Amino acid sequence: MPHTEEDIRVMLDKIGVASIDDLYADVPAEVIYRKEYDIPSAMSEIELRKHFEELGAKNRRLTCFAGGGVYDHYSPSTVAHLLARSEFYTAYTPYQPEISQGTLTYIFEYQSIISELTGMEATNASMYDGATATAEAMFMMVASAKKRNRVLLSATLHDHVINVVKTYGKFHGVEVTVVAEKDGVSDFEAIKSELAKGDVAGVIVPTPNKYGIIEDYTGWADAIHAAKAYFAINADPSALAVLRTPAEWGADVACGDGQTLGMPMSFGGPYLGYISCAKGMLRKMPGRVVGATTDADGKRAFVLTLQAREQHIRREKATSNICSNQSLMALYATIYVALMGKQGMREVNRLACDGAHYLYNRLIESGKFTPAFPGKPFLKEFVVKTALDVKALNERLLENGIMGGLDLGNGMIEFAVTEKRTKEEIDNLITLLLA
């Protein structure tokens, strides 16, 4: 479209072809489409805006009480405005540090933020989503373990994470064993039994888990390391502002989805995968690592320090064939956390925790709901049991503009409450549930 007739003629003359049609001389005539394309006529800006407004009006804006790995967190308007600046929005891979200092700077800040949240020594330059980041954590542990090819997953990981990891493992020759849960948490004794077989490269567990429960991993790292295996924790990075970090639990790798750092739910993406590790596993980490240095004038500068990808090194030496994402969502997370600060991150969790426990207590007090996992601590998400028809409950909520809890089957329903949910919204939910 941008080429003039003169441009086209110069290019055709250069390659010795008389016309553009000659470029397709090898294509059989019967497969070439000769009719007019059914493309709508052009619209003016006013018409186009009106068209999109009409399309947008068809969407139902629901008050969300669902979770399951994606949460309706608030994001300051500043984030979207900064993110939409053209130098960020159109930026690509920072191969040339001389002209990519802005991109390299924010990636370095992103890595620093995630490392502080996880407590780990190194973080890569971001990945696509939490599920694939967890699969890469699996590969890191297998690559680091000596002649061991089996990885244990706790059944309390989110189902979509388990499914992605199993798929990656199948096609990379890694044996994945899902260890059954016990009373809503990972079964430590069952894990130790599997470790005793001597063929386990690593163990992956969540915090909080798929039921919203905050699990206790006291003694896990010692047991796993004693079996010469590695320990990975899939963690909600927002929750890490108030929970014990993977590093404090003795993990070797931390991974997960950065969606909770203010990112819109957006029908499933784009999101952000993060992966951090202890220094000893740094060279097994996929993607890129941005490091700080000084330039020829002694000024602080940033460069791509490690690039363990098959595009940059011999394929057989590459840790992964993953491409680091374009990093726009890493910038999103960086701006969000910088704006919120430590106190803001804690406040987000305090409000979510207060709201979730208020809803939980009101439901239990009603007598129509009972605890699914009595005594288990939770932050912003929980599961209750009921004799009521869960499907009918959610249909009633939907009719009233509410996305209800996740139907887990057997009368179990899971609710999530974020800092966006007001007391009035929670009370309205309770009224509808108990009607």
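Please read all numbers here as calculations on a predicted model, not as lab measurements. (Residues numbered from 1 in each chain as written. Predicted model: local features only at pLDDT ≥ 70, side-chain atom pairs only at ≥ 80, totals over all residues. Heavy atoms only, no water.)

K.L.:
Hey, could you run me through a nonpolar patch on the surface in this one?
P.N.:
Together, Ile15, Ile20, Leu23, Tyr24, Val27 and Val31 give the surface a local cluster of nonpolar side chains, amounting to about 570 Å² of exposed area. Looking at the secondary structure, you find Ile20 in the loop between α1 (5-15) and α2 (45-57). (Patch = residues over 30% accessible without salt bridge, like charges linked within 9 Å, V, L, I, M, F, W, Y side chains within 5 Å. Areas by Shrake-Rupley, 256 points an atom, 1.4 Å probe, with all protein chains shown as cover. Salt bridge = Lys/Arg side-chain N within 4 Å of Asp/Glu carboxyl O. Helix = DSSP H or I, 4+ residues; strand = E, 2+ residues; numbered from the N terminus.)

K.L.:
Can you help me understand the sheet that holds strand β17 (residues 412-416) in this one?
P.N.:
Working definition: the strands of a sheet are paired by backbone hydrogen bonds and lie parallel or antiparallel to each other. Spatially, β13-β14-β17-β16 is the arrangement adopted by the four strands of the open sheet, whose pairing is antiparallel. Where the open sheet ends on each side, the last strands, each with one partner, are β13 (369-371) and β16 (406-409). On average, each strand axis in the sheet is inclined to that of its neighbour by 40°, with strand direction left out of account. Here three bridges tie β13 to strand β14 (residues 381-386), and the two strands are oriented antiparallel to one another. Looking at β14, one finds that Pro371 is bridged to Val384. Sheet contacts for helix α11 (residues 390-399): β13, β14, β16 and β17; angle to β16, the most-contacted strand, approximately 175°. (Pairing = 2+ DSSP bridges. Axes fitted to C-alpha atoms, helices over the stretch in contact; angles between N-to-C directions. Contact = heavy atoms within 4.5 Å.)

K.L.:
Help me understand the sheet that holds strand β10 (residues 273-277) in this model?
P.N.:
Spatially, the seven strands line up as an open sheet ordered β2-β10-β9-β8-β7-β3-β4, and their pairing is mixed. Bordering the open sheet on either side are β2 (122-123) and β4 (175-179), each of which pairs with just one other strand. Bridge count between β2 and β10: two bridges; the pairing is antiparallel. Looking at β10, one finds that Ala122 is bridged to Cys277. On top of the sheet, helix α7 (residues 159-171) reaches β3 (150-154), β4 and β8 (230-235); it is set at about 155° to β4, its chief contact.

K.L.:
When you look at the side chain of Ser154 in this model, what are you seeing that I'm missing?
P.N.:
Structurally, Ser154 is set in strand β3. Given a relative accessible area of 1%, Ser154 falls into the buried group. Reaching out from Ser154, the side chain makes a polar contact with the side chain of Thr156 at a distance of 2.8 Å. Side chain to side chain, Ser154 and Ser186 meet in a polar contact 2.6 Å long. Sequence-distant contacts of Ser154, defined by excluding residues within four places in its chain, comprise Ile162, Val179, Ser186, Ile204, Val205 and Pro206. (Buried < 20%, exposed > 50% of the residue type's maximum accessible area, 1.4 Å probe, protein only. Polar contact = N/O pair within 3.5 Å; in protein donor to acceptor, adjacent residues only side chain to side chain.)

K.L.:
Can you help me understand unusual backbone geometry in this one?
P.N.:
Negative phi characterises most residues that are not glycine, and trans characterises most peptide bonds. A cis geometry characterises the amide bond from Thr207 onward to Pro208, with omega recorded as -15°. Following Gly269, the chain continues into Pro270 via a peptide bond in cis, with omega recorded as 10°. Along the polypeptide, Pro270 turns up in the loop between β9 (253-257) and β10. Within the chain, Ser126 stands out as a residue other than glycine whose phi angle is a positive 80°. For Ser126, a relative accessible area of 0% corresponds to the buried category.

K.L.:
What is the right way to look at the nonpolar core in this model?
P.N.:
General note: in soluble globular proteins, nonpolar side chains tend to be found buried as a group. One finds Leu195, Val203, Trp220, Phe231, Ile233 and Tyr336 to be the most contacted residues of the largest nonpolar core, which totals 51 residues. At the level of elements, α3 (77-83), α5 (101-118), α8 (188-195), β7 (200-207), α9 (220-226), β8, β12 (300-307) and α10 (328-366) are the ones that each hand at least two residues to this core. Element by element, the count of residues in this core is highest for α10, at 12 residues. Among the nonpolar cores identified, the runner-up in size contains 30 residues, and Met127, Ile162, Ile204 and Ile275 belong to it. (Core = buried A, V, L, I, M, F, W, Y, C linked by side-chain atoms within 4.5 Å.)

That's the geometry; what it means functionally is another story.
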